[in-house]
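Letter by letter, the chains look like this.
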Amino acid sequence: MRFDGRVAIVTGGARGMGATHVRGLVAEGARVAVCDILDEVGEALADELPHARYHHLDVTDEARWRSVVRAVENTLGPVDVLVNNAGIMHFGGVEEQSPAHFRRILDVNLVGAFLGMHTVLPGMRERGHGAVVNVSSAAGMTGFAGGIGYVASKWGVRGMTKAAALDMAGSGVRINSVHPGVIRTPMGESASPELFAQQPVARIGEPEEVTRMVLFLAGDDASYTTGGEFLVDGGQTIGQG
Ligand code: NAD
């Protein structure tokens, strides 16, 4: 199995795509730390799986990142894989979005992913291997009206991925970004139903279709792949961006 004996952290792992990433990693042999702020849901998921543990982690909390990574290392072992998946969305255009919402989106989606890498990468560099998958969005390749904070955060994740991949190049640590289109999760289903039919493939994506890309990038099959951006969007961005 591709992740036999490996240790992974998945943020926002309690539900939606994060939960399918957790299930996919466990199914392929990984021991997984499910990190989220939805304690009941995350605990139930971890209880159901053989090698998963739940940790309360608000990704914006720098001190908590340090204590969770320490706890994961003590219980599951050194971290081989980090999936920065936690994210939030508040609709709002440049005129309507409150500055507080704009800041909060950047804090969770962008700063949260930075804090994850900042905390985990020194250990990966020391051990000479590791993989980070940062979840951006099709919105990190293009833009959409009414998504000023979300689009800014997801372009930030895409750019930060490239800078971090170069910082770590030659260390044995790879960092890539994944760009889902409209996916069937609580967040994806908040988009208007017309959007689903407008997709070139005329359907919404399933979380497992994103998980397969995340697992490819997190594992050794992607051994020569770093700083890349990987669409799982049913063709949504063709001809844009
Ligand atoms: P979701 O809302 O179902 O799940 C997001 C998870 O992140 C939840 O479990 C939530 O509790 C957690 N989370 C939110 N804030 C957090 C915080 N501060 N600390 C820790 N955890 C936190 O959404 P999803 O669709 O599964 O989204 C997963 C990722 O995929 C997000 O980064 C999202 O932006 C991205 N994405 C989603 C879609 C889509 O259509 N669903 C498309 C492109 C990108």
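Visitor: I'd like a rundown of the packing of aromatic side chains, residues and numbers included.
Guide: One pass over the structure, following the stated rule, counts one aromatic pair. Note on Phe144 and Tyr150: the rings are 6.4 Å apart at their centroids and 55° apart in plane angle, and the pair reads as tilted. According to the relative accessible area criterion, Phe144 is partly exposed, its value standing at 34%. Here the basic side chain of Arg158 rests over the ring of Trp155, its NZ or CZ set 4.8 Å away from the ring centre.

Visitor: So what's going on with unusual backbone geometry? Which residues, and what values?
Guide: With phi around 60°, Ala202 is a residue other than glycine that occupies positive phi space. With respect to the helices and strands, Ala202 occurs in the loop between helix 6 (193-198) and helix 7 (207-218). Relative accessible area serves as the criterion here: at 54%, Ala202 is assigned to the exposed category.

Visitor: Quick rundown of the environment of Ala30? Include the residues and the values.
Guide: Position of Ala30 among the secondary structure elements: in the loop between helix 1 (16-27) and strand 2 (31-36). With 61 residues separating them along the chain, Ala30 and Phe91 place their C-alpha atoms 35 Å apart. Once you skip the residues sitting within four places of it in the chain, Ala30 turns out to touch Phe3, Arg6, Leu25 and His51.

Visitor: Kindly report on the site of the ligand, identifying the contributing residues and their values.
Guide: Close contacts around the ligand come from 29 residues, with Arg15, Asp36, Asn85, Tyr150 and Thr185 the closest. Note that an oxygen atom of the ligand is positioned 2.8 Å from one of the backbone N or O atoms of Met17. Classifying every residue of the shell around the ligand by side-chain character gives 15 nonpolar, nine polar and five charged.

Visitor: Requested: an account of helix 3 (residues 62-75), with residues and values cited.
Guide: In this model helix 3 runs 20 Å from its N-terminal to its C-terminal C-alpha over 14 residues, within 8% of the 20 Å that 1.5 Å per residue would give. Buried residues of helix 3: Trp65, Val68, Val69 and Val72, and no others. Projection of helix 3 onto a plane perpendicular to its axis shows the buried side chains occupying an angular sector of 100°, all on one side. Away from its buried face, by an angle of more than 90 degrees, helix 3 presents the exposed residues Arg70 and Asn74. Looking at the buried side of helix 3, the elements it contacts are strand 1 (7-11), strand 2, strand 3 (52-56), strand 4 (81-84) and helix 4 (99-127). Two or three places before Ala63, at the opening of helix 3, Asp61 has a side-chain oxygen 3.2 Å from that residue's backbone nitrogen. Gly77 lies just past helix 3 and shows a positive phi near 125°.

Procedures and definitions
Residues numbered from 1 in each chain as written. Predicted model: local features only at pLDDT ≥ 70, side-chain atom pairs only at ≥ 80, totals over all residues. Heavy atoms only, no water. Phe/Tyr/Trp six-rings, centres within 6.5 Å; stacked < 30°, edge-to-face > 60°. Buried < 20%, exposed > 50% of the residue type's maximum accessible area, 1.4 Å probe, protein only. Lys NZ or Arg CZ within 6 Å of the ring centre and 35° of its normal. Helix = DSSP H or I, 4+ residues; strand = E, 2+ residues; numbered from the N terminus. Contact = heavy atoms within 4.5 Å. Near = heavy atom within 4 Å. Polar contact = N/O pair within 3.5 Å; in protein donor to acceptor, adjacent residues only side chain to side chain. Nonpolar A, V, L, I, M, F, W, Y, C, P; charged D, E, K, R; others polar. Expected span 1.5 Å × (residues − 1). Arc of directions from axis to C-beta.

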